[in-house]
Amino acid sequence: MIFGVDYYPEQWDESEWKEQARLMREGGFNTVRMGEFAWKLFENNENEFDFSFLDRAIDILADEGIKVILGTPTAAPPKWFVDKYDGVMRDKYGRKRNWGSRRECCSNHPDYIERSKIIVSKMAEHFANNKNIIAWQIDNEFGCHNSTRCYCEHCRKAFAKWLKNKYKTIENLNRAWGTVFWSLSFDSFDDIILPEYNSCEGDYGNTWSHNPSLDLEYRRFASDSWVKYQKMQIDIIKKYSDLPVTHNLMGHFSDIDAYDLSKDLDFVSWDNYPDNQWGASEYEYVSMAHENMRGAKNKNFIVMEQQAGPAGWDILGYTPPPGQLRLWAYQAVAHGAEGLVYFRFRTALFGMEQYWYGVLDHDGKPRRRFFEIKQTGEELKRLENYITGSKNLYDALIVKSYENDWAHDIKRHARGYSYRDHLYAYYKANDDLNITTAVSRGDYSDYKIVYMPAYNVVSENEISEIGSFVRNGGSLVLTFRSGTRDTYNNVRPIPVPGLFSELAGIEVEEFDALRRENHVSGKISGTAQLWCDIIEPKTADVISVYDGEFYKGKAAITVNSVGKGKVYYVGCDLDQSAMKDLAALVARNAGIEPVNAPENVEIIRREKYTIALNYSDNSVTIPIKGHELITDHEFNGILEPYGVAFIK
Ligand code: GAL
C-alpha cells in the first residue's frame, strides 16, 4: 500500500536530503511524489536538460527503501518559455494571465503543447529505466486557480474546429443553437466567438450572458482541451514506460469532466484538504468528494495530497486536534482510497505556501502530527489485505453529471440555487442514514436506488437506460428542473419534466421560484426555500402537498410505479431534516433499512467488515458488535473522540 509524502528536494539544501529520507522511513513512509514543479531546474534554458538533481534525490530515497511517483512539471513553466512563446491564458475580459505563480498556460497554445511534449519526452526517456520509480503523475491539478477556460485566439480557433467536427455545417449549428435570436447567426465557422465579456454581463445580477448552447459547448470544449492535453502527455510516457499513470484531481471540482479526464489514466488520485484557510468542510462533504473520485473511474483511488496539518496561504485554517488526521485517513480508506500521500513532508520556509503545514514543521522536528501519521501508517499496513481491492456494499447512487453542472451554472433557475449543493443535500441525507452511497454515473445495475437530482440536460438514450433500471425493479429519484433541456441546452417543447414525464407519471403545471418559504406536508413534511413545482399527477401517487401559496393542496412530491420499480419526483427543495426523512422513505420502500447511529458517526458496509467513523470530539456508542481489526480485540461498541473501528 502506498503510504507517502509529497516532497520537494529542490526546496532544501542537498546536505539535508539524507536526514530527510531517514526521517521519512522512520515515519513509515514508503513513497514520495515529486518533480511536478521543477521545470526550470530540468530545463534551465531552452533545450538544456539536466535531471541530475532528481537522480541524486531518487538514489538517496532508494537507500531508505522509498519509491517515487514522478510528476511532469508542466503546471509551472519557466520564464524563458513565456518570454519567448507567450503561451499564457486570456480571461473573458481579454486580460492576460501574468506569469509568476503557476497554471498560467493555455491548453490550446501550440507552443505550450510543443514545449510540454519536449520536456515530458526528455523526462520520460531519462527516467524510463529507473527502477525506483513506480508511477507517473501528469502535471498538477488541471483547472486549479480557475484555469480551465481560456479566451485566447488559439482557443477560439480550436473551438471553431471542434464545433465544425461536431456540427459539420454552420447551418446545422445555427439551427441547433437558435442563433436567430438577437441576430447571432454565424456565416461560417470562422465567425465563431467565445463566451467573452459582452453587454449583458452583470445586468440584473446575471453572470452568464451568452447563448446557452454556445456557453455549454464552450465548457465542453474547454474540458476536452485539458483531456486532450493530458492524453498527449500520457501517450509520450507510455512510449518509454510501462508504469501506471495518474493525475491529481480535485474532488468536487467540476470545470473539467472527471469521467473524461480519468478514462485515460491507469488510476485516479486526488488532493484532499478538508479544512483550510477557505473553510472547514462538513465530514459528509469530504466523504462525497472521495466518492466522486472513486466514481470517476468506478475504481479505488489514492489520495495524492492528504492534509497533514493546519493549512492556508496567508491565514491559517484551524489545527486538526489529536486523532483527526488519523480519522481523515480512515475516512479516505472507507470511501475507496488504497493509498495515501501526505502533503507535504516538511513545511516550506519560503514561497507561497509557507503556512501550508506538512507532516513536519518548519524546523523539521518530528512532533505530534508526525507521530500520529506514523501510527496511522502502521495500522494501515496491518489492515492492507482488508483494504486493497475492497469495495463498499453500495445501496444508492447519486448521479453526478458535469454537463448538468455547467448547464445549471449557465441558467441558475432561482436565486441561491446550486446544482452541486443540491446533489450534496441528497448525499448528506443518505450518508447521515448510513446508506452506503456512490457518486458516479451508470452502470445503474449495481444499485437499488438511483438519484438523478435536477437532471436538466438529458438525452433520449439516458432516458432509455434509466427506464430499464426502473422497470427491472430499481428506485429512481428525480427532482425539479429534470428533463427539460436537450443536449444543446435548449428547452424541450414538451410538458415538464420533459423526457422524464412518462417515468414520473406527472405533469408540472406551473412552478414557483420562491420569494418566501413554503411548506409541504404529508408523508414527508418540511420547508422549501428555492423552488416549488406545482404537480398534476397522471399515474403517480401523492406523497406530500404544499401548505401555502396559490397552489396550496397541490402535489409537491409524488411516486409512480413503473414495471417492478418506482419513480419519485420531488418538486421542491427541502430542509435537511425533511431530506433525511425522504431518503429514509425511499430506502425503506426499496427494502433497505437505514443504520441507526449517533450524530456525526458514519457507518460503511463492506463484504467482510463494517467501518465506523466518529467525527465528533465526544466518545459515542454504536449498536455494532464484533471483532475489531485495527486493535485485534473484541469491539465493545465505544468509539473514542475521532475514533475509528473496522468491525468484523
Ligand atoms: C494543491 C496543490 C499543491 C499545493 C496544495 C496546497 O492544490 O496541488 O501543489 O499547492 O494545494 O496549497
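Relevant structure appears above.
Residues numbered from 1 in each chain as written. Predicted model: local features only at pLDDT ≥ 70, side-chain atom pairs only at ≥ 80, totals over all residues. Heavy atoms only, no water.

Draft legend 1. Up close: the overall build of the protein chain. Along its length, the protein chain carries 17 helices and 29 strands. Computed over the C-alpha atoms, the radius of gyration of the protein chain is 26 Å, within 12% of the 26 Å expected from 2.2 N^0.38 for a compact globule of 648 residues. If you line up the protein chain on its principal axes, its C-alpha atoms span 75 × 70 × 40 Å. Counting all 648 residues of the protein chain, 60% fall into the buried class. When contacts within the protein chain are restricted to residue pairs at least 6 apart in sequence, those whose partners lie at least 24 apart make up 72%. (Helix = DSSP H or I, 4+ residues; strand = E, 2+ residues; numbered from the N terminus. Rg over C-alpha atoms; globule rule 2.2 N^0.38 Å. Buried < 20%, exposed > 50% of the residue type's maximum accessible area, 1.4 Å probe, protein only. Contact = heavy atoms within 4.5 Å.)

Draft legend 2. Region of interest: the pattern of salt bridges. Counting across every chain of the model gives 45 salt bridges. Residue Arg95 pairs with Asp91 through a salt bridge whose shortest N-O separation is 2.7 Å. Residue class for Asp91 comes out partly exposed when judged on its relative accessible area of 22%. (Salt bridge = Lys/Arg side-chain N within 4 Å of Asp/Glu carboxyl O.)

Draft legend 3. Looking closely at the site of the ligand. Taken together, Phe37, Arg102, Asn140, Glu141, Asp271, Tyr273, Glu305, Trp313, Phe343, Glu353 and Trp356 are the residues near the ligand. A distance of 3.1 Å separates an oxygen atom of the ligand from a polar atom in the side chain of Trp313. Starting from 300 Å² of accessible surface for the ligand in isolation, the protein chains cover 94%. The residue inventory of the shell around the ligand, partitioned by class, reads 5 nonpolar, 1 polar and 5 charged. (Near = heavy atom within 4 Å. Polar contact = N/O pair within 3.5 Å; in protein donor to acceptor, adjacent residues only side chain to side chain. Areas by Shrake-Rupley, 256 points an atom, 1.4 Å probe, with all protein chains shown as cover. Nonpolar A, V, L, I, M, F, W, Y, C, P; charged D, E, K, R; others polar.)

Draft legend 4. Representation of a nonpolar patch on the surface within the structure. On the surface, a cluster of nonpolar side chains totalling about 450 Å² of accessible area is made up of Val180, Phe181 and Trp182. Considering the arrangement of structural elements, one finds Phe181 in the loop between α7 (170-177) and α8 (212-240). (Patch = residues over 30% accessible without salt bridge, like charges linked within 9 Å, V, L, I, M, F, W, Y side chains within 5 Å.)

Draft legend 5. Quick peek at helix α11 (residues 324-334). With respect to burial, α11 is a largely interior element, 11 of its 11 residues being buried. Immediately beyond the C-terminal end of α11, within one or two residues, lies Gly336, with a positive phi of roughly 115°.

Draft legend 6. A look at the packing of helix α5 (residues 110-127) against α8. Contact pair α5 / α8: the axes reach a minimum separation of 9 Å and the direction vectors enclose 25°. By the angle between their axes, α5 is roughly parallel relative to α8. As for the relative orientation of α5 and α8, their crossing is right-handed in sense. On α8, the residues touching Tyr112, Ile113, Ser116, Lys117, Val120, Ser121, Ala124 and Glu125 of α5 are Tyr229, Met232, Gln233, Ile236, Ile237 and Tyr240. Partitioning the contact of α5 with α8 into residue classes produces 9 nonpolar, 3 polar and 2 charged. (Axes fitted to C-alpha atoms, helices over the stretch in contact; angles between N-to-C directions. Parallel < 35°, antiparallel > 145°, perpendicular 65-115°, else oblique. Left-handed = near helix turned anticlockwise from the far one by under 90°.)

Draft legend 7. Region of interest: helix α3 (residues 52-63). The terminal C-alpha atoms of α3, which comprises 12 residues, lie 17 Å apart, in line with the 16 Å expected from a rise of 1.5 Å per residue. Those residues of α3 that sit buried are Phe53, Leu54, Ala57, Ile58, Ile60 and Leu61. Buried positions in α3, seen along its axis, are confined to an arc of 160° and lie on one side of it. Along its buried surface, α3 packs onto α1 (17-26), β2 (31-34), α2 (39-42), β3 (67-71), α5 and β4 (133-137). In the stretch just after α3, Gly65 is the one whose phi turns positive, near 75°. (Expected span 1.5 Å × (residues − 1). Arc of directions from axis to C-beta.)

Draft legend 8. Inspection of the sheet that holds strand β10 (residues 301-307) at higher detail. Taken in spatial order, the 9 strands line up as β5-β4-β3-β2-β1-β11-β10-β7-β6 in an open sheet, and their pairing is parallel. In this open sheet, the two strands that pair with only one neighbour each are β5 (245-246) and β6 (248-249). Those strands touched by helix α10 (residues 283-297) are β6, β7 (269-272) and β10, and its axis lies near 165° from that of β7. Of the strands in this sheet, β1 (2-6) and β11 (337-343) touch helix α12 (residues 368-387), which is tilted by about 165° from β11. (Pairing = 2+ DSSP bridges.)

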